[in-house]
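# Fold and geometry: a report
Here is how the chains run, residue by residue.
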Amino acid sequence: MSSPAQAPAAPQPVPLSSMPVWRQYYVLTKPRVVQLIVFCALIGMVLAVPGLPGWAALGRMAVACAGIWLVAAAAAAFNCLVEKTIDARMKRTAWRPTARGELSDRQALAFSALLCAAGSAILYLWINPLTMWLTFATFVGYAVVYTVILKPLTPQNIVIGGASGAMPPVLGWAAMAGEVGPDALILFLIIFIWTPPHFWALALYRVEDYRQSGLPMLPVTHGSEFTRLQVLLYTLILLPACLLPFIYGMSGWFYLVAALLLNGGFIAHAFKLWRHYSDAQARKTFRFSLIHLSLLFAALLVDHYLP
């Protein structure tokens, strides 16, 4: 399952060989990425429930979050397995246990299959079949369609593959409502459009890593200037998408003000990146994109409970 966000590269950890085995398996799950996935799914759950949720609804949310976390972690582990050779060539990912050979292919595959099976069973038995099938389809979309097919073939990989990363709020909505409504599709659209400028900002200052890996990322195939323009254009398109919750009536004035401020900040970072490139500005744009999505969804949550 693609993450709606690629978390900032972690500081170089303690050598994996000195870590306990359970810790190496934990690293495979890309925990910070999965946390943001579950957060976005939780927002979808909360927005699907009118008013304050009761204890039964809260329990259902907790179970759904557990199931989605397990399947998302399985997708992350499978991604580490498939991309172990590529990860070994990149400074950002060379420390992963699969890239270093600390965990074998069989161990990583079995771990991924176990997590996926457990998460799918939880969602099917205690939530509903729709959520299970949507979550499993998201796993396939990320682990197979994006990681195996799109990523090594086209510089538009993150645009097309971003659909799987935009699914968490849809999964959350389906878990509570038993259907996928227009509100959930609006949340999907926001993350779908947000993903390319977020990821390309990272790719800009990691361009040598991607060039060395052989992946056709946009800064490698089309250059820095073209990529920076795409980042700016996508942030401009993102603004009206982020206004849709207010226009459609699923949020109020508090969210509108937050959306305008956050998108204004994102556009300002992208404009500065386009006009005067530096690795430092690319990092700032990437980090702000994470703040943007987190606070935007937090504003949706707060607005949902305002009178």
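This text gives an overview of the structure that appears in the document. Remember, it's a predicted structure, so these values are computed and weren't measured experimentally.

Our focus in this paragraph is the overall build of the chain. Check the secondary structure of the chain and you find 14 helices and zero strands. Counting from the amino terminus, the chain carries its helices and strands in the arrangement α-α-α-α-α-α-α-α-α-α-α-α-α-α. The C-alpha atoms of the chain give 19 Å as radius of gyration, which agrees with the globular expectation for 307 residues (19 Å, within 12%). Counting only C-alpha atoms and orienting by the principal axes, one finds that the chain spans roughly 50 × 50 × 30 Å. Residue burial in the chain is summarised as follows: out of 307 residues, 57% are buried. For the chain, restricting intrachain contacts to residue pairs at least 6 apart in sequence, the fraction spanning at least 24 positions comes to 77%.

Here we come to helix H9 (residues 182-205). Compared with an ideal rise of 1.5 Å per residue, which puts 24 residues at 34 Å, H9 spans 36 Å between its outermost C-alpha atoms and is within 8% of the ideal. When the local axis directions of H9 are compared, the greatest deviation, roughly 30°, occurs at Thr195, which is followed within four positions by the proline Pro196. By the criterion of burial, H9 is predominantly enclosed, with 19 of the 24 residues buried.

Time to look at the side chain of Asn157. By the secondary structure assignment, Asn157 is in helix H7 (residues 157-165). Classification of Asn157 as buried rests on a relative accessible area of 0%.

This next bit is on the pattern of salt bridges. Under the counting rule described, the total for this entry stands at five salt bridges. The shortest N-O distance in the salt bridge between Asp105 and Lys84 comes to 2.7 Å. Here the residue Asp105 occupies a position in helix H5 (residues 105-126), and Lys84 occupies one in helix H4 (residues 84-89), the gap between them amounting to 21 residues.

What follows is about the packing of H9 against helix H12 (residues 224-248). Running from amino to carboxyl end, H9 crosses H12 at an angle of 160°, the nearest separation of the two axes being 9 Å. Classified by the angle between their axes, H9 and H12 sit roughly antiparallel to one another. Note on packing geometry: the crossing formed by H9 with H12 is left-handed. Among the residues making up the contact of H9 with H12, the classes are represented as 20 nonpolar, four polar and two charged.

A separate point is the packing of aromatic side chains. Taken as a whole and judged by the stated rule, the model has twelve aromatic pairs. For the ring pair Trp200 and Tyr234, a centre distance of 5.5 Å and an interplane angle of 80° mean the geometry is edge-to-face. Taken together, the residues Trp200 in helix H9 and Tyr234 in helix H12 connect sequence positions 34 residues apart. Clustering of aromatic rings is evident, with ring pairs tying together Phe78, Trp133, Phe136 and Phe139. Looking at Arg275, its charged tip hangs above the ring of Trp274, at a distance of 6.0 Å from the centre.

Scoring rules and cut-offs
- Along each chain, numbering runs from 1 in the same order as the chain's sequence is written.
- Under the rules for a predicted model, residues below a pLDDT of 70 receive no local features and side-chain atom pairs below 80 are neither given nor counted, while totals for whole chains, interfaces and linings still include all residues.
- Remark: hydrogens and water are excluded; side-chain values derive from all non-hydrogen atoms of the structure.
- Runs of H or I in DSSP of at least four residues are treated as helices and runs of E of at least two as strands, each being numbered from the N terminus.
- For the radius of gyration, the atoms used are the C-alpha atoms, and the globule rule reads 2.2 Å times the number of residues raised to 0.38.
- Accessible area is worked out with a 1.4 Å probe on protein chains only. A residue is then buried under 20% of its type maximum, exposed over 50%, and partly exposed in between.
- Contacts: residue pairs with any heavy atoms within 4.5 Å of one another.
- To estimate the expected span of a helix, count its residues, drop one, and scale the result by 1.5 Å.
- Consider a residue and the seven residues that end there alongside the seven that start there; fitting an axis to each set, the bend is the angle between those axes.
- Criterion for a salt bridge: a side-chain nitrogen of Lys or Arg within 4 Å of a carboxyl oxygen of Asp or Glu.
- Angles run from 0 to 180 degrees between N-to-C directions of axes, and those axes are lines fitted to C-alpha atoms, restricted for helices to the stretch in contact.
- Here is the rule for angles: anything less than 35 degrees is roughly parallel, anything more than 145 is roughly antiparallel, 65 through 115 is roughly perpendicular, and the remaining ranges are oblique.
- Note: crossing handedness is left-handed where the near helix turns anticlockwise from the far helix by less than a right angle, and right-handed where it turns clockwise.
- In this classification, Asp, Glu, Lys and Arg are treated as charged, Ala, Val, Leu, Ile, Met, Phe, Trp, Tyr, Cys and Pro as nonpolar, and every other residue, Gly included, as polar.
- Between rings of Phe, Tyr and Trp, where Trp is taken as its six-membered ring, a pair exists when centres lie within 6.5 Å; planes separated by under 30 degrees are stacked, by over 60 edge-to-face, and by other angles tilted.
- Here, a charge over a ring is recorded when the distance from Lys NZ or Arg CZ to the ring centre is within 6 Å and its angle to the ring normal is within 35 degrees.

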